[in-house]
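Now for the letters of each chain:
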Amino acid sequence: ITKGDIVTLEVWGVDNHYKAGAQASIYVGDNPPANIVAAYDLNAEMHAKAQKAVKAGATAGAVFDAANSVYRAARDTSYFRRCGGSMGLTVFTIDLVNGRRDILEPGMALLVQTLVDDPVLLTCASTVMVTEGGCEELTSPLVRLKTIS
């Protein structure tokens, strides 16, 4: 790993019997290029909008739609992958993808994961638990591109 590289860090664990994951991108160096900062900011905004859409009664597709609204506004095309999915004994039984009609229920654990791949792969993820009024973070996302020297 050298100065100017992007490192993706992914950590998995357990929080109160829920499988929990977190993922983030880290820039090696002090001053990331403006296009990388802009892409990471887009990614973080997509993540925030997706996480805000997580609540009891919402559909899995609505979470995708929330992230896609940010991506589409910035890139003039639809988002190209899932925005995460269910966590538990298995992973992604419920996918947060376009058109998915699964209803989110209180107590469900979800990985909210967005990424962009232009100019480079950058990711932002957290695990949340669905609640009546929204969600509770089990792991927090990095909403600013982290740099290390």
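Residues numbered from 1 in each chain as written. Predicted model: local features only at pLDDT ≥ 70, side-chain atom pairs only at ≥ 80, totals over all residues. Heavy atoms only, no water.

Student: Teacher, can you tell me more about the overall build of the protein here?
Tutor: A tally of regular secondary structure across the protein gives two helices and seven strands. For the protein, the succession of helices and strands along the chain, N to C, is β-β-α-α-β-β-β-β-β. Over its C-alpha atoms the protein spans a radius of gyration of 15 Å, differing by no more than 12% from the 15 Å that the globule rule assigns to 149 residues. When burial is assessed residue by residue, the protein has 44% of its 149 residues classed as buried. Considering only contacts in the protein between residues 6 or more positions apart, those separated by 24 or more positions represent 58%. For the protein, the separation between the mean place of its 13 positive charges and that of its 16 negative charges on side chains is 3 Å. (Helix = DSSP H or I, 4+ residues; strand = E, 2+ residues; numbered from the N terminus. Rg over C-alpha atoms; globule rule 2.2 N^0.38 Å. Buried < 20%, exposed > 50% of the residue type's maximum accessible area, 1.4 Å probe, protein only. Contact = heavy atoms within 4.5 Å. Lys, Arg positive; Asp, Glu negative; His and termini not counted. Charge placed at Lys NZ, Arg CZ, Asp CG, Glu CD.)

Student: Can you help me understand the pattern of salt bridges in this one?
Tutor: Charged atoms that come close allow side chains of opposite charge to pair. Scanning the entire structure with this criterion turns up two salt bridges. Here Arg 82 ties to Asp 95 by a salt bridge, and the two come within 2.8 Å at their closest N and O atoms. Taken together, the residues span a long stretch of sequence, with Arg 82 in the loop between helix 2 (60–75) and strand 3 (84–87) and Asp 95 in the loop between strand 3 and strand 4 (109–116) at a distance of 13 residues. You can call Asp 95 buried: its relative accessible area is 15%. (Salt bridge = Lys/Arg side-chain N within 4 Å of Asp/Glu carboxyl O.)

Student: I keep staring at the nonpolar core and nothing clicks. Help me out?
Tutor: One broad trend across soluble globular proteins is that nonpolar side chains are buried collectively. Within the largest apolar cluster, 33 residues are counted, with the highest numbers of intra-cluster contacts made by Met 46, Val 54, Val 63, Tyr 79, Leu 104 and Val 116. Sorting the residues of this core by element identifies strand 2 (18–28), helix 1 (34–53), helix 2, strand 4 and strand 5 (122–131) as the ones contributing at least two each. Discounting chain neighbours no more than four positions away, the residues touching Leu 104 are Val 54, Lys 55, Ala 56, Gly 57, Ala 58, Thr 59, Ala 60, Val 63, Leu 110 and Val 130. (Core = buried A, V, L, I, M, F, W, Y, C linked by side-chain atoms within 4.5 Å.)

Student: Before we go on, may I ask you to explain the confidence of the model for the protein in this structure?
Tutor: Looking at the protein as a whole, the pLDDT averages 92, with 99% of positions reaching at least 70. Within the protein, the element-level pLDDT minimum falls on strand 2, averaging 84, and the maximum on helix 2, averaging 98. (pLDDT = per-residue confidence, 0-100.)

Student: Help me understand the side chain of Asn 68, please; the structure alone is not making it clear to me.
Tutor: Here Asn 68 is to be found in helix 2. Residues in contact with Asn 68, not counting those within four places in the same chain, are Thr 77, Ser 78 and Tyr 79.

Student: Would you mind going over the pairing of strand 5 with me for this structure?
Tutor: A regular strand places its side chains on the two faces of the sheet in alternate fashion. Within strand 5, nine of the 10 residues are buried, which leaves the element mostly enclosed by the surrounding structure. Where strand 4 hands over to strand 5, the hairpin turn is made up of five residues, counted between the paired strands. With antiparallel pairing between neighbouring strands as the criterion, strand 5 and strand 6 (residues 134–137) make up a hairpin whose turn holds two residues. (Pairing = 2+ DSSP bridges.)

Student: Help me understand the packing of helix 1 against helix 2 in this model?
Tutor: The packing of two helices is summarised by the inter-axis angle and the distance between the axes. Two numbers describe how helix 1 lies on helix 2: the axes approach to 7 Å, and their chain directions differ by 150°. Classified by the interaxial angle, the pair formed by helix 1 and helix 2 is roughly antiparallel. At the point where helix 1 passes helix 2, the crossing takes the right-handed sense. When helix 1 is examined against helix 2, the residues Ala 39, Leu 42, Glu 45, Met 46, Lys 49, Ala 50 and Ala 53 are found in contact with a partner set consisting of Ala 62, Val 63, Ala 66, Ala 67, Ser 69, Val 70, Tyr 71, Ala 74 and Arg 75. (Axes fitted to C-alpha atoms, helices over the stretch in contact; angles between N-to-C directions. Parallel < 35°, antiparallel > 145°, perpendicular 65-115°, else oblique. Left-handed = near helix turned anticlockwise from the far one by under 90°.)

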